[in-house]
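# Geometric and topological summary
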Amino acid sequence: MKKRRKQYSAGAIIWIIFKYVSLVFFSFVAVIPIISCVITAFKTEEEYKTTNVMTLPQNWFNFDNFVEAFQRANMGRAFVNSVIVMVCVLIGAIIIGTQLAYVLNRFQFPGNGLIRNLFLFAALLPGVAMQVTVYQIMHDLGFINHLMGTDVISIYIFIQYMENIPVSLDESAIIDGASYWKIYWKIMLPLLKPAIVTACILKGVGVYNEYYSANLYLTKENLKTMAISLYTFTGPLGSQYNLICAGVIISLLPALIVFIVFQKQIYSGITAGAVKG
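Summary of the structure given here.

Calculation criteria
- In every chain, residue numbers begin from 1 and rise along the written sequence.
- For a predicted model such as this one, the threshold for reporting local features is a pLDDT of at least 70, and the threshold for listing and counting side-chain atom pairs is 80 or more; totals across whole chains, interfaces and linings nevertheless cover every residue.
- The basis for every side-chain value is the complete set of heavy atoms in the structure, and neither hydrogens nor water enter the calculation.
- In this text, helices come from DSSP runs of H or I with a minimum length of four residues, and strands from runs of E with a minimum of two, each type numbered from the N-terminal end.
- Three labels apply to residues, based on accessible area from a 1.4 Å probe with only protein chains included: buried if under 20% of the type maximum, exposed if over 50%, partly exposed otherwise in between.
- Pairs of residues are marked as contacts when any of their non-hydrogen atoms sit within 4.5 Å.
- Accessible areas in this description were obtained via Shrake-Rupley with a 1.4 Å probe; residue shielding takes into account the shown protein chains only.
- Among buried residues, those of type Ala, Val, Leu, Ile, Met, Phe, Trp, Tyr and Cys that are joined through side-chain atoms within 4.5 Å constitute a nonpolar core.
- Fitting a line to C-alpha atoms yields each axis, with helices limited to the stretch in contact; the angle taken between N-to-C directions then spans 0 to 180 degrees.
- We call two directions roughly parallel when the angle between them is under 35 degrees, roughly antiparallel when it is over 145, roughly perpendicular when it lies between 65 and 115, and oblique otherwise.
- The sense of a crossing depends on the near helix, which, turned anticlockwise from the far helix by less than a right angle, makes the crossing left-handed and, turned clockwise, makes it right-handed.
- Gly counts as polar in this scheme, as do all residues outside two lists: the nonpolar Ala, Val, Leu, Ile, Met, Phe, Trp, Tyr, Cys and Pro, and the charged Asp, Glu, Lys and Arg.
- Pairing of aromatic rings covers Phe, Tyr and the six-membered ring of Trp, with a centre-to-centre limit of 6.5 Å; geometry is then stacked below 30 degrees between planes, edge-to-face above 60, and tilted otherwise.
- Every case where a carboxyl oxygen of Asp or Glu lies within 4 Å of a side-chain nitrogen of Lys or Arg is listed as a salt bridge.
- Helix span is expected to be 1.5 Å times the residue number reduced by one.
- To obtain the bend at a residue, axes are fitted to the seven residues ending there and to the seven starting there, and the angle between these axes is taken.
- Patch membership is restricted to residues that have no salt bridge and whose relative accessible area is over 30%. Joining uses 9 Å for like charges and 5 Å for the nonpolar side chains Val, Leu, Ile, Met, Phe, Trp and Tyr.

This part takes up the overall build of the chain. Helices and strands together make up the secondary structure of the chain, namely 13 helices and 2 strands. Split into buried and exposed, the 277 residues of the chain put 30% on the buried side. Pairs at least 24 apart in sequence give 72% of the contacts found in the chain among residues at least 6 apart. For the chain, the computed accessible surface area is about 18200 Å², with 69% contributed by carbon and sulfur atoms.

Structurally, Ile32 can be placed in helix 1 (residues 10-41). The class for Ile32 is partly exposed, based on a relative accessible area of 40%. Linking Ile32 and Met54, residues 22 residues apart in sequence, is a C-alpha distance of 9.1 Å.

Moving on to the nonpolar core. Formed by 20 residues in total, the largest nonpolar core has its most connected members in Met162 and Leu192. Counting residues per element, this core draws most heavily on helix 7 (residues 155-162), which supplies 5 residues. Those residues in contact with Met162 that lie beyond four places of it in its chain are Thr98, Ala101, Tyr102, Asn105, Arg106, Met188 and Leu192. Ala41, Tyr208, Leu230 and Cys245 belong to the second largest nonpolar core, which has 18 residues in total.

Attention shifts here to the packing of helix 4 (residues 75-106) against helix 9 (residues 180-191). Packing of helix 4 against helix 9 brings their axes to within 11 Å, and their N-to-C directions diverge by 110°. Here helix 4 is positioned roughly perpendicular relative to helix 9, judged by the angle of their axes. As for the relative orientation of helix 4 and helix 9, their crossing is right-handed in sense. On helix 9, the residues that touch Ile95, Thr98, Gln99, Tyr102 and Arg106 of helix 4 are Tyr180, Trp181, Ile183, Tyr184, Met188 and Leu189. Split by residue class, the contact of helix 4 with helix 9 holds 8 nonpolar, 2 polar and 1 charged.

On inspection of all chains with the given rule, the structure shows 13 aromatic pairs. The interplanar angle of 85° and the centroid separation of 5.6 Å between the aromatic rings of Tyr102 and Phe107 together place this pair among those described as edge-to-face. Residue classification places Phe107 among the partly exposed residues on the basis of a relative accessible area of 26%. Ring centres 5.4 Å apart and planes at 40° place the aromatic pair Trp181 and Tyr184 in the tilted group. Taken together, the residues span about one helical turn, with Trp181 and Tyr184 both in helix 9 at a distance of 3 residues. A connected cluster of aromatic rings, assembled from ring pairs, spans Tyr102, Phe107, Tyr180, Trp181, Tyr184 and Trp185.

All right, on to the pattern of salt bridges then. Inspection of every chain in the model, using the stated rule, returns 3 salt bridges. A salt bridge links Glu68 to Arg72, with the shortest nitrogen-to-oxygen separation between them at 3.0 Å. Placement of the pair is Glu68 and Arg72 together in helix 3 (residues 64-72), with a separation of 4 residues, close to one helical turn. Here Glu68 falls in the partly exposed class, since its relative accessible area comes to 32%.

Let us now look at helix 10 (residues 193-208). Given a rise of 1.5 Å per residue, 16 residues ought to cover 22 Å, and the 21 Å separating the end C-alpha atoms of helix 10 matches this to within 8%. Residues Pro194, Ala195, Ile196, Thr198, Ala199, Gly204, Val207 and Tyr208 constitute the buried set of helix 10.

Between its terminal C-alpha atoms helix 1 stretches 47 Å, which fits the 46 Å expected from 32 residues at 1.5 Å a residue. A bend of about 30° at Val31 is the largest found in helix 1, and the proline Pro33 appears one to four places after it. All of the buried residues along helix 1 are Ser22, Ser36, Cys37, Ile39, Thr40 and Ala41.

Bringing a nonpolar patch on the surface into the picture now. Taken together, the side chains of Leu253, Leu256, Ile257, Val258, Phe259, Ile260, Val261 and Phe262 define a hydrophobic patch exposed on the protein surface, amounting to about 720 Å² of accessible area. For Phe262, the position within the fold is in helix 13 (residues 241-274). Under the relative-accessibility criterion, Phe262 is labelled partly exposed at 42%.

Attention shifts here to the packing of helix 7 against helix 10. Close contact between helix 7 and helix 10 brings their axes to 9 Å; oriented N to C, the two are set at 160°. By the angle between their directions, the pair helix 7 and helix 10 is classed as roughly antiparallel. The chirality of how helix 7 crosses helix 10 is right-handed. Between helix 7, through Ile157, Phe158 and Tyr161, and helix 10, the contact on the second element is made entirely by Pro194, Ala195, Ile196, Ala199 and Leu202. Residues belonging to the contact of helix 7 with helix 10 are distributed by class as follows: 8 nonpolar, no polar and no charged.

Set out below in structure tokens:
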């Protein structure tokens, strides 16, 4: 017996065509800049000035731009600085964020809702609008030109995930004589692992690519991060885009390697962190 083919209405066919055409279009929009960057990175200065951005280079084994970009921008040191900043921010975000989430989720006290709303209000404010105040606080704390930082915006990820952890675990631990600190450290923190992975991925990518804050707070030459180092090839008389593109590819390689090696853990962490109930 032949399987009956599904019949589509004219409206459904139009919608399917529109959906797939849109997917193809936006895929090209996302991929073309990357392809253009790779092509430009292998071009000489003369090739870049005399050809179109999508014109293929004459020599695909021209690695002079990569060597020059790495040496002139001191990208080795910049990568180390970026990793230090990222690790400090992630550790601060995890420790502060999980502790705040634990207190706000597990303890009901006057002002609990107000504190949550204040965090939400602060998250909705444009970052530029608070830069004067934040810079003054960072200056008073002595954090200018220091490779450290923190972030508590991930608290909402931790609160959402913690709401699915039954309170009976806390009650059982208290009956067994556990303190609140031990409950947080021995029970809550291990159970928050999927949420921590999700927060680290989201925040880590943002910190690694951060330019504005890094340029504002890290003014010394030896403290440049990867994003700031790419600014070496810009100037009042023009920009060397072939070197910039080579530097962009160099800065992408560590993140790409980490993703390829740990993609299974990344996907499982994001999936587990997004599931509720």
